[in-house]
Amino acid sequence: MSKMIEKKKIKGLLKEAVKQWHTYVPQKHIGGDVLIAPLPEEAKELEAALDNISLADDDLVISPKDIFFPQLETMFKFKKGEIAETVESSPKLLFGIKSCDLKGILFADEFFKRDFEDAYYLSRANERLIVVIGCINPPRPGACFCTSAKTGPFAEKGFDLQLVDNGESYFVETGSEKGEEFVAKYSGFFQDESGDAEKAVNSIKAKAEKAVELKIEFQKALDLMANDDFIPEEKYKRIGERCVYCGACVYTCPTCTCFNVFDNAKGDEGTRVRIWDACIFEGYTREASGHNPRNQKWLMACRRYEHKLKYDKAKTNMSGCVGCGRCLASCPVDIGMSKFVQEITEDKKIM
Amino acid sequence: MCTCNKKNEYIPYPAKIESVKKESFDTKTFRVRFTDKNLAESFQYKQGQFMEVSILGVGEAPISITSSPSRKGFLEFNIRATGKVTDAIHALKKGDALYLRGPYGNSFPLEELKGKNLYFIAGGIGLAPLRSLINMVMDNRDDFKHVKILYGAKTPADMCFADELEVWKKIPDTEVWLTVDKPCDAWGCSIGVVTELWKETDVHPENAVAIVCGPAIMIKFVTLALKKSGFAGKDIIMTLERYMKCGIGKCGHCNIAGKFVCTDGPVFSYEQVKAFPEKEHVI
């Protein structure tokens, strides 16, 4: 028999979960942005944070990639020549992420495992439980294109639990043994679903799919990109001329994982840290000699599209784009992956 | 503590500088040895690989290993002072600490080179990564046929490994040809870019492999000249330089068309390089 949970019980569940997990939940911050952040453990602070949680279809401005790959991360500390590793590892509960972002996490998992293992990412992501809440309405209307990228609005696999919004309650879908154990452990918060849940869930999902209005020919774009030198340079050059190279698309993207490394020291004591970097920045490929192999702006702009749609696909058989639409939503000059896909598949000028 | 199975690749190991030798007006060769005796003795690498070399508090830079794996116990790095990290390394003296992690990248295909005539063609500090292979060849001289080293630099003062060029010259079946763009009074060798040496000595593709390293523009003209001399793409091998921040295929900077120079390279054949899209400006 399938399970459900009443929305009014979510706070109580999270209060219990905090005792065992670092619990990451979307929370409304001052200014109105909704960001995924850990719940505090201290009772009073926790109460206040729970008042600000937001599990509706809010636009998580930054993807949850920073839970496992923080924007700024200490790699090790050093003092008088001695190195002390600073690898973080703790049980993490991601409660209420979207299916596109789940796909982003699964993609990053593969990347950080490939060839040399990335100790920092894998250690942070080692013990986790992911609860997806599917989108009833697209959080970034006009930018979200998960139905075209086949990543949402509901996940098919990869989650531990998935919640399906049914008004006053959520239907609970179990995607793993860990998910089942979670429901069993906190069984007091869940209840059996008596009616025809499957039919209701299917109907909710079908409606949610229709709500994603932006439809693009994503698969066709992947096929075209697989073909060498298909994209005329003029298209890239036009994007390159328009781009202001701010890096917003890269920072908000769930699958962008490039970073730079630098040392931060005072005297003989300090840290080595890594920080997100962006392939569209001019210094990204500049060598110490001053030589820069990617020295024209349009080359920096096109690099990102080729990476996501062509080379990632060729290497992993997964598209490096998950259709979340954040690049378009965050772009000050209205460039984004969906527009690029439209440009190359619809044979007309979109941007 | 790290909970993944393998060691944390980003943690460097301490090493001590054993000697510093000034090579050219802006490059020095640092001979270093891991502080941990067991590591110093058991450490293995291949000709053509590089390491991430750092000073704690200053930063880390990818540097090719210029010593030969045939000479054990120590590592040598030929470094040009050309940025924050390399400037700071140049200020170090014998006994100072450096931190190393690696070795990273693929290597020159030693087995495939056996029984071949070898042309080493280098520009400036490009001789540093080739020197690892050259000394490997010199230490196993009977395994290889005729060796020609064609080396060009801006001025005589830009030439690295001057003593060793003299040593190699005296080894049987080994020739060293030098050229500079701008000579000084005492210069007795050729004048002009390295391809000018084609006029002085035969560059013949028969049973031969050419190994090239230098600035991108030099590699471009050398490969053109080699193709003209009849070398097949697979018989031209080069080692590329890119901004390799992590060395292990994660940071993204050295990416060329879906490949990472740090893990798929830095050694590539001309054939592989020509397969990269033209707009990547590899050579």
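Fair warning: this is a prediction, and the values are worked out from it, not measured in the lab. (Residues numbered from 1 in each chain as written. Chains lettered and ligands numbered in written order. Predicted model: local features only at pLDDT ≥ 70, side-chain atom pairs only at ≥ 80, totals over all residues. Heavy atoms only, no water.)

### Focus: the sheet that holds strand β4 (residues 59-64) of chain B
Two orientations exist for strands paired in a sheet by backbone hydrogen bonds: parallel and antiparallel.
All names here are of chain B.
And step 1. Spatial ordering of the open sheet is given by β4-β3-β6-β1-β2-β5, a layout of 6 strands whose pairing is antiparallel. Across the chains shown, the open sheet's two edge strands, defined by having one partner strand only, are β4 and β5 (75-80). Between one strand axis and the next, the sheet turns by 40° as a mean value, whatever way the strands run. (Pairing = 2+ DSSP bridges. Helix = DSSP H or I, 4+ residues; strand = E, 2+ residues; numbered from the N terminus. Axes fitted to C-alpha atoms, helices over the stretch in contact; angles between N-to-C directions.)

### Brief notes about the pairing of strand β5 (residues 82-85) of chain A
All names here are of chain A.
And step 1. Here strand β4 (residues 72-79) pairs with β5 via 4 bridges, running antiparallel. Bridging from a neighbouring strand, F78 pairs with I83 of β5.
And step 2. The hairpin turn running from β4 into β5, its antiparallel successor, is 2 residues long, and K80 in that turn takes a positive phi close to 45°.

### Describing the environment of P205(B)
Residues and elements named next belong to chain B.
And step 1. For P205, the location among the structural elements is in the loop between β10 (190-191) and β11 (208-213).
And step 2. On the basis of relative accessibility, which here comes to 22%, the residue P205 falls in the partly exposed class.
And step 3. Along the backbone, P205 and D235 are 30 residues apart, and their C-alpha atoms lie at a distance of 8.4 Å.
And step 4. Residues in contact with P205, not counting those within four places in the same chain, are S229, G230 and F231. (Buried < 20%, exposed > 50% of the residue type's maximum accessible area, 1.4 Å probe, protein only. Contact = heavy atoms within 4.5 Å.)

### Observations regarding the domain arrangement of chain A
All names here are of chain A.
And step 1. The assigned domain composition of chain A is domain 1 (3-211) and domain 2 (218-345).
And step 2. Between domain 1 and domain 2, a total of about 3500 Å² is buried, with carbon and sulfur atoms accounting for 64% of that surface.
And step 3. Considering only the surface of domain 1 that becomes buried against domain 2, F78, F107 and F145 emerge as the three largest contributors, covering 21% of it.
And step 4. Run the count over domain 1 and domain 2 and you get 3 salt bridges.
And step 5. Between D101 and R326 there is a salt bridge, and its shortest N-O distance comes to 2.8 Å.
And step 6. Scanning the region where domain 1 abuts domain 2 turns up 19 residue pairs in polar contact (both at pLDDT 80 or more).
And step 7. With 9 residues, the single largest contributor to the side of domain 1 that touches domain 2 is helix α3 (residues 99-113).
And step 8. Considering only residue class, the side of domain 1 that touches domain 2 consists of 22 nonpolar, 7 polar and 12 charged. (Domains from an automatic or database assignment. Buried area = accessible area lost by both parts, 1.4 Å probe. Salt bridge = Lys/Arg side-chain N within 4 Å of Asp/Glu carboxyl O. Polar contact = N/O pair within 3.5 Å; in protein donor to acceptor, adjacent residues only side chain to side chain. Nonpolar A, V, L, I, M, F, W, Y, C, P; charged D, E, K, R; others polar.)

### Some thoughts on the pattern of salt bridges
And step 1. The tally for this structure, following the rule as stated, stands at 40 salt bridges over all chains.
And step 2. K9(A) is paired through a salt bridge with E6(A); the nearest N and O atoms lie 3.6 Å apart.
And step 3. Note on E6(A): relative accessible area 23%, which makes it partly exposed.
And step 4. For D163(B), the salt bridge is made with K21(B), and the minimal N-O distance between the two is 3.4 Å. Taken together, the residues D163(B) in helix α5 (residues 162-169) and K21(B) in strand β1 (residues 13-24) connect sequence positions 142 residues apart.
And step 5. The network of salt bridges with shared partners includes E73(A), E88(A), K92(A), D118(A), R124(A) and R274(A).

### Considerations on the domain arrangement of chain B
Residue and element names in this part refer to chain B.
And step 1. According to the domain assignment, chain B consists of domain 1 (13-104) and domain 2 (110-239).
And step 2. Computed from C-alpha atoms alone, the centre-to-centre distance between domain 1 and domain 2 is 24 Å.
And step 3. For the domain 1 face of the interface with domain 2, the top three residues by lost area are Q47, T66 and R71, together amounting to 31%.
And step 4. In this structure, the connection of domain 1 to domain 2 is made through 3 salt bridges.
And step 5. One salt bridge in this structure joins E76 and R131, with 2.9 Å as the shortest N-O distance.
And step 6. Our count for the domain 1 to domain 2 interface comes out at 12 residue pairs in polar contact (both at pLDDT 80 or more).
And step 7. At the level of secondary structure, the elements contributing two or more residues to the side of domain 1 that touches domain 2 comprise β1, β2 (27-34) and β5.
And step 8. In terms of residues, the side of domain 1 that touches domain 2 owes the most to one element, β5, which gives 4 residues.
And step 9. Residues that form the side of domain 1 that touches domain 2 fall into these classes: 5 nonpolar, 11 polar and 5 charged.

### A few points about the interface of chain A and chain B
And step 1. Of the residues lining the interface, 50 residues belong to chain A; the matching set on chain B comes to 43 residues.
And step 2. Here chain A and chain B share an interface that buries about 3900 Å² over both sides, 55% of which is from carbon and sulfur atoms.
And step 3. Counting the surface chain A buries against chain B, the share from its top three residues, F116(A), E117(A) and R272(A), is 16%.
And step 4. Linking chain A with chain B are 4 salt bridges.
And step 5. Its salt-bridge partner being K279(B), residue E306(A) comes within 2.8 Å of it at the nearest N-O pair.
And step 6. For the pair chain A and chain B, the number of links is 21 residue pairs in polar contact (both at pLDDT 80 or more).
And step 7. Residue assignment for the side of chain A that touches chain B shows that the elements contributing at least two residues are β4, β5, α3, α4 (119-125), α9 (233-242), β11 (259-266), β12 (269-276) and α11 (297-316) of chain A.
And step 8. With 7 residues, the top contributor of residues to the side of chain A that touches chain B is α11(A).
And step 9. For the side of chain A that touches chain B, a count of residues per class yields 23 nonpolar, 11 polar and 16 charged.

### Focus: a nonpolar patch on the surface
And step 1. On the surface, I217(B), F221(B) and L224(B) cluster together into a nonpolar patch covering about 310 Å² of accessible area.
And step 2. You can see F221(B) is positioned in helix α6 (residues 216-228). (Patch = residues over 30% accessible without salt bridge, like charges linked within 9 Å, V, L, I, M, F, W, Y side chains within 5 Å. Areas by Shrake-Rupley, 256 points an atom, 1.4 Å probe, with all protein chains shown as cover.)

### Quick word on the pairing of strand β3 (residues 34-38) of chain A
Residue and element names in this part refer to chain A.
And step 1. The pairing of strand β2 (residues 22-28) with β3 spans 5 bridges and is classified as antiparallel. Each bridged residue has a counterpart across the sheet, and for V25 the counterpart in β3 is A37.
And step 2. Connecting β2 to the next strand, β3, in antiparallel fashion are 5 residues, including G31 with a positive phi near 100°.

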